[in-house]
Amino acid sequence: MAKRVAVIGAGTMGHGIAELFAIAGYEVALVDIAEDYLKRALQNIDWSLKKLAEKGQIKEDPQTVLARIKPIVNDVCKAVEGAEIMVEAVIEEVETKKRVFAEADRCAPPNAILATNTSSLPITEISEAVKPERRPLVVGMHFFNPPPLMPLVEIIKGKYTSDETVKRVAEYASQLGKQTVVVNKDVPGFIVNRILARVNDAACWTVAKGEADIIAVDSALRYRVGLPMGAFLLMDYTGIDVICFIGDAMVKRGFKTHPCPLIAEKCQQKKYGVKTGEGFYKYPAPGKFQWPDIPKEPGERLDVVALLAPAINEAAYLVREGIATKEDVDKAVKLGLNWPKGPLELADEFGIDVVVKALEAWKAKTGFEEFAPDPLLLDMTKSGKLGRKSGEGFYTYVKGEEKRFETIIVRYESPVAWIILNRPERLNAINPKMVEELSAALDEISRADFDKVRVVIITGAGRAFSAGADVTGFVGTTPFLAYKLSRGLHEIAEKIEKLDRPVICALNGYTLGGGLELALACDIRIASETAVLGQPEVNLGLFPGGGGTQRLTRLVGLAKAKELIFTGDNISARDAEKMGLVNKVVPPERLEQEARTLALKLAEKPPIALAMAKYAINYGYEAPLWSALDLEAAHFGVVFSTEDLYEGVSAFLQKRKPQFKGR
């Protein structure tokens, strides 16, 4: 029997949610008040499915998926008959939603979940429209726009929502390919919108008080923090009317804020941003987005801690009140807003004491109570939990030495060295400077004693491992310079393969083009569930020039390598795991932990034996078997000269854990 779901409301969010369920194999009843709305929704879904099919991101024919969606005009009762779950996505007006829920409650099966996609209205208030026995099955299931592309779903517990309902909704979200966070208490704005509101407050009041202009604020947030958009540009993109509407709804339900006059003014003038052609920036025409000119320099003097301290304060409140775990708060912001790091991770980097001082300064200059440092931050400061610099803040850190370069960070956490690609505003695109700095870092690590470094982890800052070579540098490139670029990437890969210690790649997001070629040279690849891998060079009129045509072929075979290179399609981390391109796939919040755990496991092994095993594998892989076996024997002989062999045998006989020294 087919699985059935009802989606009520066929607007931007509703038709996107319906599309997701249809892709996952559900029969979907899609409801709206007029046939024209439904017709437009189906056209949009058809277009989206074809785009996903072109990119190889759905397995079925788009028409097969589309056929699962049955449009129904203005009949909630008919839609929910036999449905396992209803997702309501009608206008953000509580009485309208309550009418939908009352009707669904009357007609849906007794065990059907009734979920709302509201971004700002209370789940508890909506749930009181249904009979008491149904209320444990009412829950918030907040998707982000556009639902087919955004990876996050916030699951919100109302006053009556059962833990079993939360568990079931998380399972549905997983079937749709989504990551979830749980909001344990029904607070206005949940996680993401509360934190975004504080960013907007800080950005807006900074400008309103004459401390900086709009471009400087957006420049600082984009280039120095690594956010995909500055606060003002994001408000324009989202719609300033939407920002005002959600803000008003949150304030009415107890969210403490002092609305910034600059935002209110734009709403009064009906300058809503991209949709009207003008907001904080001007656009070519209504509905036509074009990146405004926001240079890097204006934001260089701004205090980014001051801009983000109110958001960190809100995040601390959510944790202290048990509304969400620290992991879920950071995960929600990274996945829902595409921040490179969560607000609590940033707090640990800035220093909790520094954040508290910034909040005290906000409180002093505005008098606004919402800027007063949260008790959790004050307690952490008093107890010396200041973040990375003290070894503990919201998270615990291994103390180590850190070196910051222009494009990378090298962090020594003995016995592990981290190389972090650090151009998050460019999705860690590889440019000549990064190649130069990677080369120098690998040389330095190769000279380090085994006591200091036994394993290397390479990862990326933000939402990408690396999205490839920086194509902005291709303009005017001659054939000879292109050859040198290609050889530069080859040399980095060769240094990784020849390094006398294991190298793990932690793929935290986009791993494309030259980024994937860099990862191919690593000994082990661990990927986040949200990682996307591919060799899309053919779409630019190129082909992989950093080793992809050779290493990819050796790793996944001739046929699969040709398919990936010829089509230029991206693949998911799970698909990459199936074809042997990555060793392991883990939830995004566990990627760093999994990479570190594996690195520490390898660090306990005899370093010289690992090096000889790596060389025997890498150098012998393409040699004739007899030659490769002789190479193996030679490297096997080397380990017989080591103190580690004696230690390993002694420990085995004495039934204790060996302590290898790399000697």
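The structure under discussion appears in the preceding block.
A short tour of the structure in this document, coming up. These numbers come from a predicted model, not from an experiment.

1. Considerations on the overall build of the protein chain
No. 1: On a plain count of helices and strands, the protein chain comes out with 27 helices and 19 strands.
No. 2: In terms of overall size, the protein chain behaves like a compact globule, its C-alpha atoms giving a radius of gyration of 27 Å where 663 residues would be expected to give roughly 26 Å.
No. 3: Along the longest, intermediate and shortest principal axes, the C-alpha atoms of the protein chain span 80 × 60 × 60 Å.
No. 4: The burial tally for the protein chain puts 54% of its 663 residues in the buried class.
No. 5: Taking contacts inside the protein chain between residues at least 6 apart in sequence as the whole, the part at least 24 apart equals 70%.
No. 6: Total accessible area on the protein chain is roughly 29,300 Å²; 55% of this is exposed by carbon and sulfur atoms.
No. 7: Once the 86 positive and 88 negative side-chain charges of the protein chain are each reduced to a mean point, those two points are 1 Å apart.

2. Description of a nonpolar patch on the surface
No. 1: Taken together, the side chains of Phe636, Phe640, Leu645, Val649, Phe652 and Leu653 present a nonpolar region at the surface, about 680 Å² in accessible area.
No. 2: By residue number, the principal contributor to the nonpolar patch is helix H27 (residues 643–654), which donates four residues.
No. 3: Looking at the element boundaries, Val649 is found in helix H27.
No. 4: Exposure remark for Val649: the relative accessible area of 43% places this residue in the partly exposed category.

3. Remarks on helix H22 (residues 558–567)
No. 1: Listed as buried for H22 are Ala561, Leu564 and Ile565. Around the axis of H22, the buried residues are gathered within 90° of arc, so they sit on the same side. Across from the buried face of H22, at angles greater than 90 degrees, the exposed residues are Ala559 and Phe566.
No. 2: For H22, the elements touching its buried residues are helix H21 (548–556) and strand E18 (570–572).
No. 3: Two residues or fewer after H22 comes Gly568, characterised by a positive phi angle close to 70°.

4. Considering the sheet that holds strand E19 (residues 584–586)
No. 1: Strand order across the open sheet formed by seven strands is E9-E10-E11-E12-E14-E16-E19, with mixed pairing between neighbours. Each end of this open sheet is capped by a strand with a single partner; those strands are strand E9 (401–404) and E19. Across the sheet, the mean angle from the axis of one strand to that of its neighbour is 20°, orientation sign disregarded.
No. 2: Pairing of strand E10 (residues 408–413) with strand E11 (residues 416–421) involves six bridges; the strand directions are antiparallel. Each bridged residue has a counterpart across the sheet, and for Arg411 the counterpart in E11 is Trp418.

5. Re the pairing of strand E1 (residues 4–8)
No. 1: For E1, the buried fraction is high: four of the five residues fall into the buried class.
No. 2: With five bridges connecting them, E1 and strand E2 (residues 27–32) associate as parallel partners. Residue pairing in the sheet places Ala6 in a bridge with Ala29 of E2.
No. 3: This β-α-β element, E1 to helix H1 (residues 12–23) to E2, shows right-handed connectivity.
No. 4: Sheet topology places E1 next to strand E4 (residues 85–88); four bridges connect them, and they run parallel. Considered in E4, the bridge of Ile8 is made with Glu88.

6. Focus on the packing of helix H14 (residues 326–336) against helix H15 (residues 343–350)
No. 1: The contact between H14 and H15 brings their axes to 7 Å, and the two run at 105°. The orientation of H14 with respect to H15, classified from their angle, is roughly perpendicular. Here H14 contributes Lys326, Val329, Asp330, Val333 and Lys334 to the contact with H15, which in turn contributes Pro343, Leu344 and Glu345.
No. 2: The residue makeup of the contact of H14 with H15, split by class, is four nonpolar, no polar and four charged.

7. Quick notes on the environment of Gly468
No. 1: As for its position among the elements, Gly468 is in the loop between strand E13 (464–466) and helix H19 (479–498).
No. 2: Residue classification places Gly468 among the buried residues on the basis of a relative accessible area of 1%.
No. 3: As for Gly468 and Ile430, which are separated by 38 residues in sequence, their C-alpha atoms are 6.0 Å apart.
No. 4: Beyond its immediate sequence surroundings of up to four residues, Gly468 is in contact with Asn428, Ala429, Ile430, Leu512, Gly513, Gly514 and Gly515.

8. With respect to the sheet that holds strand E8 (residues 179–183)
No. 1: Across the sheet, eight strands lie side by side as E3-E2-E1-E4-E5-E6-E7-E8; this open sheet has mixed pairing. The sheet terminates laterally at strand E3 (69–73) and E8, the two strands that pair on one side only. With direction set aside, neighbouring strand axes in the sheet form an average angle of 25°.
No. 2: Sheet topology note: the E2/E3 ladder contains five bridges and is parallel. Directly across from Val28, in E3, lies its bridge partner Ile69.
No. 3: Packing against the sheet, H1 makes contact with E1, E2, E3, E4 and strand E6 (138–143), and its axis sits at approximately 170° to E2.

So, how was this worked out
Residues numbered from 1 in each chain as written. Predicted model: local features only at pLDDT ≥ 70, side-chain atom pairs only at ≥ 80, totals over all residues. Heavy atoms only, no water. Helix = DSSP H or I, 4+ residues; strand = E, 2+ residues; numbered from the N terminus. Rg over C-alpha atoms; globule rule 2.2 N^0.38 Å. Buried < 20%, exposed > 50% of the residue type's maximum accessible area, 1.4 Å probe, protein only. Contact = heavy atoms within 4.5 Å. Areas by Shrake-Rupley, 256 points an atom, 1.4 Å probe, with all protein chains shown as cover. Lys, Arg positive; Asp, Glu negative; His and termini not counted. Charge placed at Lys NZ, Arg CZ, Asp CG, Glu CD. Patch = residues over 30% accessible without salt bridge, like charges linked within 9 Å, V, L, I, M, F, W, Y side chains within 5 Å. Salt bridge = Lys/Arg side-chain N within 4 Å of Asp/Glu carboxyl O. Arc of directions from axis to C-beta. Pairing = 2+ DSSP bridges. Axes fitted to C-alpha atoms, helices over the stretch in contact; angles between N-to-C directions. Right-handed = clockwise from strand over helix to strand, strands pointing away. Parallel < 35°, antiparallel > 145°, perpendicular 65-115°, else oblique. Nonpolar A, V, L, I, M, F, W, Y, C, P; charged D, E, K, R; others polar.

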